[in-house]
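# Chains, contacts and geometry: an overview
So you can see what is in the structure, the chains are spelled out below.
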Amino acid sequence: MRRLIINGTLVDEAGEYREDLLIEEGVIRARGSDLVAPGCEVIDAAGCYVMPGGIDAHTHFNIDVGIARSCDDFYSGTRAAACGGTTSIIDHMGFGPAGCNLHHQLALYHEYAGGQAVIDYGFHGVVQHVDDAILHEMASMVEAGVSSFKLYLTYQYKLGDRDVLRALSRLKEVGALTAVHPENDAAIAERRAALLAAGHTAPYYHALSRPLECEAEAIGRMINLARLAGDAPLYIVHLSNGLGLDYLKLARRQGQPVWVETCPQYLLLDEECYFRENGLDYLLSPPLRPRSELDKLWVGLTAGDIDTLATDHCSFSHAQRLALSRGDFSRCPNGLPGVENRLPLLFSEGVMTGRITPSRFVALTSANPARLFGLWPRKGSLSLGADADLVVIDPRGELRIEHKYLHDNADYSPYEGMRCRGQLRLTLSRGEVVAREGEFVGRRGAGRFLARDPFNAALAPVAGSSQQRDAR
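Criteria and cut-off values
Residues numbered from 1 in each chain as written. Predicted model: local features only at pLDDT ≥ 70, side-chain atom pairs only at ≥ 80, totals over all residues. Heavy atoms only, no water. UniProt positions renumbered as here; feature names shortened; annotations may be inferred. Helix = DSSP H or I, 4+ residues; strand = E, 2+ residues; numbered from the N terminus. Rg over C-alpha atoms; globule rule 2.2 N^0.38 Å. Buried < 20%, exposed > 50% of the residue type's maximum accessible area, 1.4 Å probe, protein only. Areas by Shrake-Rupley, 256 points an atom, 1.4 Å probe, with all protein chains shown as cover. Pairing = 2+ DSSP bridges. Polar contact = N/O pair within 3.5 Å; in protein donor to acceptor, adjacent residues only side chain to side chain. Contact = heavy atoms within 4.5 Å. Phe/Tyr/Trp six-rings, centres within 6.5 Å; stacked < 30°, edge-to-face > 60°. Lys NZ or Arg CZ within 6 Å of the ring centre and 35° of its normal.

As annotated in an unreviewed UniProt entry, the chain is Dihydropyrimidinase from Aeromonas schubertii. Its UniProt record, at the heading Cofactor (unreviewed entry), says of the chain: "Zn(2+)". The record in UniProt for the chain states the following under Sequence similarities (unreviewed entry): "Belongs to the metallo-dependent hydrolases superfamily. Hydantoinase/dihydropyrimidinase family."

What follows is the structure in C-alpha cells.
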C-alpha cells in the first residue's frame, strides 16, 4: 500500500525537517514539501515527530537460563516492541548444550522466531567456548548474517582471558563486532558465598554481591585485551556505572574503537527498588545502582559518551520469581521486562526535559544501533530507499505506564505508575501499520530475518561524540 505522511516534523540523527514522506512498496520513496500522491492513504502527523522506528539491539526472547525459560517468546516480545515504537530487534541468543557449535543456536533461534516475530529481527552469536573449530566457524556465521558475537565473563559459560583474546582477534578478522557482558566472576562468587553463609538472602544482597567495581574491572580488562588483539572493535552491553564509563572514555582518548550501551533501568531505577515488597522483581545483572550512578550515566548520555539505548529485555513473571527463589536472591532468575517502554521513557525523560535533542534520541534508539550492527542505511534512516520503519510521536500527549495495558507476557512492569510526556501514535514496519494508539494491529509472522552486513568501522558512530553524521 502507498502511504503519504503529511504535516509532521521528520527527525533523523542529523536534524529536523518540515517535509512530507511518501511510502511505496515498504520503502521511503520520496520526501519533500507538499508532496502529492493521488490514491494513497494519507496520514496527518500535524504537531508530531516522524522518526525512524526504534532498533533494540539487546533483547532475550524465549531464553532458557537453566532454571527457567523467560515468559516472552518472539511473538509476545516483538508485539510489545512494536507497541513501544520499536521496529527491529537484535536478540542475544542464549546458551546451547555444552560443546555445541555456533550454528546450533542459530538454527534453533530461527525456529523460535520464524513465523512468530511481528517485526524484523536479527541475532547476535554467542560464544560458549573457544577452540580452533569455533574460531574457524565464525566466518560462516558472518556470511549467514550474524556479524556480532557476545562473550560472557560470568555465568555458566564464562570465558577466560586467553579465550577472550583469541575470540577478539578472530572476530576482527572476519568482520564482526565483539559484544561483552563484563563482570568479574571470581569476585562475585566470593562475595555471594560470604553473604549466603551469613544468611543474607534478601533482594538487596544481590546488589551487594555484584558491586560496580566488579563490572568496571571487567570493562577495563576487556579494553586492554581488545587493544592487545590489534584494536579489535568492542561493544560494552548494559553499562550501569560511572567508573566503567570513565574507563571507556580513557580508551577512546587513546583511539580505541569502543562503544557502549546502557538501558532505561540504569537511568531511571536505583537500588532502593530492592527494599520494596516486590524487590525480587528488580533482580538483574548488573544490578540497579545508587542514585548517584544514574546521574553519571545521564551526563554521559547527554555528552555523547554513551552510544545506544537498549533494554536487555529478559522477562520472568513475579510468579516465576517467587516459586524459584523461595526468598533467596541467588535462586532467582535475572532480568527485567521493558521492550515496550524504552522509547516513551527516553522521549519523556530525555527529549521533553531538554537533556537531549530529538536527533540525539534518534541516534541512541535507532541510527547508532543500525550503524554498529550492519543495518545502515536500510534501517535507522529516513533516506530514500530505506525501509519505511517509522514511529509517530506526539509531544503533546501523555501516558501512564500500567502493565495491564502492555503487551508482553510478564505480570508486572518495573516502571509501573511512571508518567511519560509524549505519546506514540503510530508504528509502521516496512510501511505497514503494526501499532496504533498503543494497540497492536500487526500480524504474527510478518517480521523478517535481518541478515546483517559485516561490521564497518567507517559507518560506526563517532565514539564519544554527540555530533551526528550527515544522514542524508
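From this point, the discussion proceeds with the structure in view.
With that settled, the discussion passes to the overall build of the chain. For the chain, the helix and strand inventory stands at 13 helices and 19 strands. Over its C-alpha trace the chain gives a radius of gyration of 21 Å, about what one expects of a compact globule, namely 23 Å for 472 residues. Considered along the principal axes of its C-alpha atoms, the chain spans approximately 70 × 50 × 40 Å. Looking at the chain as a whole, 63% of its 472 residues qualify as buried. Surface summary for the chain: the accessible area is close to 16600 Å², and the carbon and sulfur share equals 49%.

Turning our eyes to something else, we now look at the sheet that holds strand 18 (residues 432-436). If you trace the seven strands from one edge of the open sheet to the other, you get 3-2-7-16-17-18-19, paired in mixed fashion. With one partner strand each, in any of the chains shown, strand 3 (16-17) and strand 19 (439-440) form the two edges of the open sheet.

Relative to the helices and strands, Ser285 is located in the loop between helix 9 (264-268) and helix 10 (291-303). Overall, Ser285 belongs to the buried group, its relative accessible area being 5%. A polar contact of 3.2 Å, which involves the side chain of Ser285, links it to the side chain of Arg210. Here the side chain of Ser285 touches Asn334 through a polar contact of 2.5 Å, side chain to side chain. Every residue in contact with Ser285, bar those within four places of it in the chain, is listed here: Tyr155, His181, Glu183, His206, Arg210, His238, Tyr266, Asp312 and Asn334.

A word on the packing of aromatic side chains. Summed over the entire model, instances satisfying the criterion amount to 19 aromatic pairs. With a centroid separation of 5.5 Å and an interplanar angle of 85°, the aromatic rings of Phe61 and Phe74 are classed as edge-to-face. A residue pair is termed long-range when its members are at least 10 positions apart, and Phe61 in the loop between strand 8 (54-59) and helix 1 (74-83) and Phe74 in helix 1 qualify at 13 residues. The exposure classification of Phe61 matches that of Phe74, with both residues buried. Judged by centre distance (5.7 Å) and plane angle (85°), the ring pair of Phe347 and Phe361 falls under edge-to-face. Linking Phe347 in helix 12 (residues 342-351) with Phe361 in helix 13 (residues 358-372), this pair joins segments that are 14 residues apart in sequence. Classification of Phe361 by relative accessible area gives buried; the value is 1%. An aromatic cluster of at least three residues, connected via ring pairs, comprises Phe61, Phe74, Tyr109, Tyr112, Tyr121, Phe123 and Phe449. Sitting over the ring of Trp376, Arg371 keeps its end group 4.0 Å from the ring centre.

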